[in-house]
Amino acid sequence: MLVMSGAGAVRGRIVCWPMIAIFAAVLSAGAARAQSPAWKPDKATEIIVGTAPGAAPDKTARTMQRIWQARGIYDGPVSVVNKPGGGNVIAWTYLNQHAGNGHYLMIGNLNVIISRAIGRSPFAHSDFAWIAMLFDEFFALSVRADSAVSNGRDLVARLLKDPGALTVGVSTSLGGANHLSAALALQRAGVDPRRVKFVAFKGSADSITALLGGHIDAAATAVSAVVPHVRSSQLRAIAVSAPNRLGGPLATVPTWVEQGVNGTMTNFRAVIAPKGTAAGPVAFWERRFAQLAESEEWKADLESSLWSWNFMDSAKTVAAVASHAEEVDALVITLGLRKAP
């Protein structure tokens, strides 16, 4: 048995004090990391919307805020901040002025991708941190109730013979989401969308008014915009861009897919945070939105608006948005709204 004398001898074992000290330090540091609290807000949180109060993104933000507080999902101070103008560019700029700050969130949608694709925004989808996907909003193509156009197939057949035979109203501009939804379906049906007479209006209400007045032949809008007019039997929706039929007043309206056209397209709603937001805040808010998505109040609100539940976590949202961006880029180039690189 080897025995050392002095401070390093402990009952016949060789003890190296410097190594013990290092090992203890490593254990201590690991324990400190394990015990460090996860990120949580330490001041008021802002949910930014790029529209005026009352618009759909504003309604979404305020519904989120209400359910969070009512269900105890998040009871910290939250305010909805409206930054309208510039097609959301003002709001996106404001959001990224708080780079890396997890106290700022914003309702994001397809416009993040479209505005960049057609050169109206300096922000790419990668310039934000994507927290979660919330739901899908789909598009409807509608005609007057007395229109001779019977369904989506009929409309496509007429435009295949003569792409200029019908006038289609969209909003809020050529290259906007409503325009792209109709153009995508027509392109995949074999129609050259560049030859179709698309007319841009300031908003869906204006395009619907023009349709009711007989000034245009069809209108492409979000499904929610036509529901009151379908209920009153003034308009007839002939196709929706959803993968499956919707409910409520549009339950009898066939999808583009049912009519032989791969015209599925969504104006998704997601939550974004400033560029550079760390993993801690992303995970914190992702959990809160997951809880929101499972609440009955939230599901009921989506159903009443004909919005389709489609919760995704951060990683899946990033992948989905990248896929949407590729599709939009290709369509924008096809429509001649941007030259191919």
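Now for the pattern of salt bridges. If you walk through the whole model with that rule in mind, you get 12 salt bridges. Measuring nitrogen to oxygen at the nearest pair gives 3.4 Å for the salt bridge that ties K275 to D127. On the criterion of sequence distance, the pair formed by K275 in the loop between β12 (269–274) and α9 (279–294) and D127 in the loop between α4 (111–117) and β6 (128–136) is long-range, its members being 148 residues apart. A salt bridge links E327 to R188; the nearest nitrogen and oxygen atoms lie 3.1 Å apart. Here the residue E327 occupies a position in helix α11 (residues 314–334), and R188 occupies one in helix α6 (residues 177–188), the gap between them amounting to 139 residues. The exposure class assigned to E327 is partly exposed, which follows from its relative accessible area of 30%.

Interhelical geometry of helix α7 (residues 204–212) versus helix α8 (residues 223–231) gives an angle of 35° and a closest axis separation of 10 Å. Where α7 crosses over α8, the two elements pack in a sense that is right-handed. Touching S204, I208 and L212 of α7 are A225, V226 and H229, all from α8. The class makeup of the residues in the contact of α7 with α8 is four nonpolar, two polar and no charged.

Here we take up the pairing of β12. Where burial is concerned, most of β12 is hidden: six out of the six residues are buried. Judged from the four bridges that link them, strand β5 (residues 104–109) and β12 form a sheet pairing that is antiparallel. Counterpart to G108 in the pairing with β12 is A270. In terms of strand pairing, β6 meets β12 through six bridges, oriented antiparallel. Note that in β12 the partner of A132 across the bridge is V271.

Averaged over all residues, the pLDDT of the protein chain equals 89, while 89% of them reach at least 70. Contacts from residues 1–18, a stretch scored under 50 in pLDDT, to residues over four places away or in other chains number 12 contacts. Low pLDDT, under 50, characterises residues 31–35; the predicted model gives this stretch zero contacts beyond four residues in sequence or across chains.

Two descriptors summarise a pair of aromatic rings, namely the distance from one centre to the other and the angle between the planes of the rings. Inspection of every chain in the model, using the stated rule, returns 14 aromatic pairs. Summarising the aromatic geometry, the rings of W92 and F128 are spaced 6.4 Å apart at their centres and angled 50° between planes, so their arrangement reads as tilted. Remark: F128 occurs in strand β6 and W92 occurs in helix α3 (residues 89–96); sequence separation between them is 36 residues. Grouping residues by exposure puts W92 and F128 together as buried.

To continue, consider the pairing of strand β10 (residues 218–222). Within β10, five of the five residues are buried, leaving the element largely enclosed by the surrounding structure. In this structure, strand β7 (residues 139–144) lies alongside β10, joined through four bridges in antiparallel fashion. Looking across to β10, one finds that A140 is bridged to T221. Summarising the sheet, strand β8 (residues 167–171) and β10 pair through two bridges and their orientation is parallel. In the strand pairing of β10, G169 is matched with A219.

Reading the values: rules and limits
- Residues numbered from 1 in each chain as written.
- Predicted model: local features only at pLDDT ≥ 70, side-chain atom pairs only at ≥ 80, totals over all residues.
- Heavy atoms only, no water.
- Salt bridge = Lys/Arg side-chain N within 4 Å of Asp/Glu carboxyl O.
- Helix = DSSP H or I, 4+ residues; strand = E, 2+ residues; numbered from the N terminus.
- Buried < 20%, exposed > 50% of the residue type's maximum accessible area, 1.4 Å probe, protein only.
- Axes fitted to C-alpha atoms, helices over the stretch in contact; angles between N-to-C directions.
- Left-handed = near helix turned anticlockwise from the far one by under 90°.
- Contact = heavy atoms within 4.5 Å.
- Nonpolar A, V, L, I, M, F, W, Y, C, P; charged D, E, K, R; others polar.
- Pairing = 2+ DSSP bridges.
- pLDDT = per-residue confidence, 0-100.
- Phe/Tyr/Trp six-rings, centres within 6.5 Å; stacked < 30°, edge-to-face > 60°.

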